[in-house]
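Listed below are the residues making up each chain.
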Amino acid sequence: MSTPVAANVITQVRERVKAIETMPSIPQVFLPLLDMLNLPPDLVSLNEVVKLVSYDNTIAAQCLRVASSPLFGLAKSPDTIKAAVISLGLRRVQTILLTCCMGKAFPAKDWPLDPIVFWRHSLGCAMVCRQFSEKMGGGDREKAYMAGLMHDIGFMVNCMVFPKEFGAAVKYALERQIPLDVAELATMGFTHCESGRALAELWNLSDDMIHVIAHHHNPERSGTAQPLVALVHLSDLLCRMRALGYGYYERQKVDLVEDPAWAILLREHRKLDGVDLVRFSFELDEAVEGISHLVSTIMAGGNP
Ligand SMILES: [Fe+2]
Ligand SMILES: [Fe+2]
């Protein structure tokens, strides 16, 4: 386990990240949507979700196209937002909207990381988290999806707020074939976990989501949200072991069953005892194509 980042560095990161809040590119529905996702599901009304999705035409069109992806369970594209909300359910539509908004909130210009590769990883992780949560039985699958989608939000922050420093970290990682967070710590003195956390706090994300973003590389450091953080940690590793990593080979030994995160999950969910993690990791190969297609849909914006 790496040593925690010094408090004064975290304060400096937090100060610089504040600039993102005034970014003109953030879709107007994004922040109200984040607020809504913090509410208990029974306090969210169908009309409010429909209103939020319909607010921006291009986002609404994109949501309908994403909703028709087999990965979201609908065989045919719904004709109206209301029909989509009714057939998919409120929570799922909220996460689809979040997926579309995230793609727009961070314009991918001159990123040191390939944005397509980054999105494939984030969406891949979101899908794996949901599938994992399904295997566990119980638990909130859409929350798991959202956690997977947002876990590496700090990379986007680094691309926008610390492009030069982060560019050097990416180069360092590629040359040595080491994990990006290790390279960030070595060259920048902090990682995407700290910058992501700063943005998550600024955006008032839920405590669980803040824990995921801040601790997904060290789940044992998370307190209350530990099982969710462990789930994201393992899903992240699974994606990076298969074809959904950061676009380069990471020379690291991964043993999912020996990983402390697996023990954390097993403690909470006995149902996982019978799950074959190695097989699960191979099943991922089949999902890669669908995920790549979904990323193209999201990157293409609202145009049909
Ligand atoms: Fe990460
Ligand atoms: Fe990741």
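Conventions adopted
- Residues numbered from 1 in each chain as written.
- Chains lettered and ligands numbered in written order.
- Predicted model: local features only at pLDDT ≥ 70, side-chain atom pairs only at ≥ 80, totals over all residues.
- Heavy atoms only, no water.
- Core = buried A, V, L, I, M, F, W, Y, C linked by side-chain atoms within 4.5 Å.
- Buried < 20%, exposed > 50% of the residue type's maximum accessible area, 1.4 Å probe, protein only.
- Helix = DSSP H or I, 4+ residues; strand = E, 2+ residues; numbered from the N terminus.
- Domains from an automatic or database assignment.
- Contact = heavy atoms within 4.5 Å.
- Polar contact = N/O pair within 3.5 Å; in protein donor to acceptor, adjacent residues only side chain to side chain.
- Donors = N, O, S within 2.8 Å, 3.2 Å for Na, K, Ca; no water.
- Buried area = accessible area lost by both parts, 1.4 Å probe.
- Salt bridge = Lys/Arg side-chain N within 4 Å of Asp/Glu carboxyl O.
- Phe/Tyr/Trp six-rings, centres within 6.5 Å; stacked < 30°, edge-to-face > 60°.
- Tetrahedral: all angles 85-135°; square planar, octahedral: opposite > 155°, others 65-115°.
- Axes fitted to C-alpha atoms, helices over the stretch in contact; angles between N-to-C directions.
- Parallel < 35°, antiparallel > 145°, perpendicular 65-115°, else oblique.
- Left-handed = near helix turned anticlockwise from the far one by under 90°.
- Nonpolar A, V, L, I, M, F, W, Y, C, P; charged D, E, K, R; others polar.

## Brief notes about the nonpolar core
When a protein is soluble and globular, its nonpolar side chains tend to lie buried together. Counting 109 residues, the largest nonpolar core has Leu-98, Phe-132, Met-150 and Trp-203 as the members making the most contacts within it. Broken down by element, this core gets its largest block of residues, 10 residues, from helix H7 (residues 115-136). When residues of this core are sorted by domain, at least three fall in each of domain 1 (7-24 + 107-299) and domain 2 (26-105). Those residues in contact with Trp-203, other than ones at most four positions away along the chain, are Ile-20, Glu-21, Ile-26, Phe-30, Leu-31, Leu-34, Phe-106 and Ile-153.

## A look at helix H15 (residues 260-268)
Along an α-helix, residues three or four apart share an orientation, since each turn contains 3.6 residues. Within the sequence span of H15, burial applies to Ala-261, Trp-262, Ile-264, Leu-265 and Leu-266. Turning to H15, the residues buried within the fold contact H7, helix H14 (226-241) and helix H16 (277-299). Looking at where H15 begins, the residue whose side-chain oxygen comes 2.9 Å from the main-chain nitrogen of Ala-261 is Asp-259.

## Points about the environment of Leu-228
Following the sequence through the fold, Leu-228 ends up in helix H14. Leu-228 sits in the buried class, given a relative accessible area of 16%. Taking the C-alpha atoms as reference points, Leu-228 and Leu-180, separated by 48 residues in sequence, lie 22 Å from one another.

## Structural notes on the coordination of the iron ion (ligand 2)
Ligation of the iron ion (ligand 2) by protein atoms is provided by His-121 (NE2), His-151 (NE2), Asp-152 (OD), Asp-236 (OD) and Tyr-246 (OH), these donors lying 2.1 to 2.3 Å from the ion. Donor residues binding the iron ion (ligand 2) come from one chain and are separated in sequence as H-x29-H-D-x83-D-x9-Y. The metal-metal distance between the iron ion (ligand 2) and the iron ion (ligand 1) comes to 3.7 Å, with Asp-152 coordinating both. Here His-151 is found in the loop between helix H8 (141-150) and helix H9 (153-161), whereas its partner Tyr-246 is found in the loop between H14 and H15, with 95 residues between them in sequence.

## Some remarks on the domain arrangement of the protein
Here the domain parsing of the protein yields domain 1 (7-24 + 107-299) and domain 2 (26-105). For domain 1 and domain 2, the distance between their C-alpha centres works out to 22 Å. Taken residue by residue, the interface counts 26 residues in domain 1 and 21 residues in domain 2. Here domain 1 packs against domain 2, burying approximately 2,200 Å² in sum over the two surfaces, 67% of which is carbon and sulfur. Our count for the contact surface shared by domain 1 and domain 2 stands at two salt bridges.

## Points about the packing of aromatic side chains
Tallied over the entire structure, the rule returns eight aromatic pairs. Consider the rings of Trp-111 and Phe-118, whose centres lie 5.8 Å apart with planes at 80 degrees: the pair is edge-to-face. Of the two residues, Trp-111 and Phe-118, neither departs from the other in class, the shared state being buried. Plain terms: the ring middles of Phe-155 and Tyr-246 are 5.2 Å apart, the flat faces sit at 75 degrees to each other, and that makes the pair edge-to-face.

## Examining the coordination of the iron ion (ligand 1)
For the iron ion (ligand 1), the full set of protein donor atoms is Asp-152 (OD), His-192 (NE2), His-216 (NE2) and His-217 (NE2), and the range of their distances to it is 2.1 to 2.3 Å. Angles of 87 to 176 degrees at the metal separate the four donor atoms of the iron ion (ligand 1), which places the site in the irregular class. Each donor residue of the iron ion (ligand 1) belongs to the same chain, and together they define the spacing D-x39-H-x23-H-H. Exposure remark for His-217: the relative accessible area of 16% places this residue in the buried category.

## Focus: the packing of helix H3 (residues 46-54) against helix H6 (residues 90-105)
It is at 11 Å that the axes of H3 and H6 come closest, and there the two elements cross at 20 degrees. The angle between H3 and H6 falls in the class roughly parallel. Between H3 and H6 the crossing geometry is left-handed. Together, Leu-46, Val-49, Leu-52 and Val-53 of H3 and Leu-90, Val-93, Gln-94 and Leu-97 of H6 make up the contact between the two elements. Class assignment of the residues belonging to the contact of H3 with H6 gives a composition of seven nonpolar, one polar and no charged.

## Some remarks on the packing of H7 against H8
Contact geometry of H7 with H8 gives a least axis separation of 7 Å together with a crossing angle of 155 degrees. Taken together, the axes of H7 and H8 lie roughly antiparallel to each other. The two elements H7 and H8 cross, and the hand of that crossing is right-handed. On H8, the residues that touch Trp-119, Ser-122, Leu-123, Cys-125, Ala-126, Met-127, Cys-129, Arg-130, Ser-133 and Glu-134 of H7 are Arg-141, Glu-142, Ala-144, Tyr-145, Gly-148 and Leu-149. A per-class count over the contact of H7 with H8 returns nine nonpolar, three polar and four charged.

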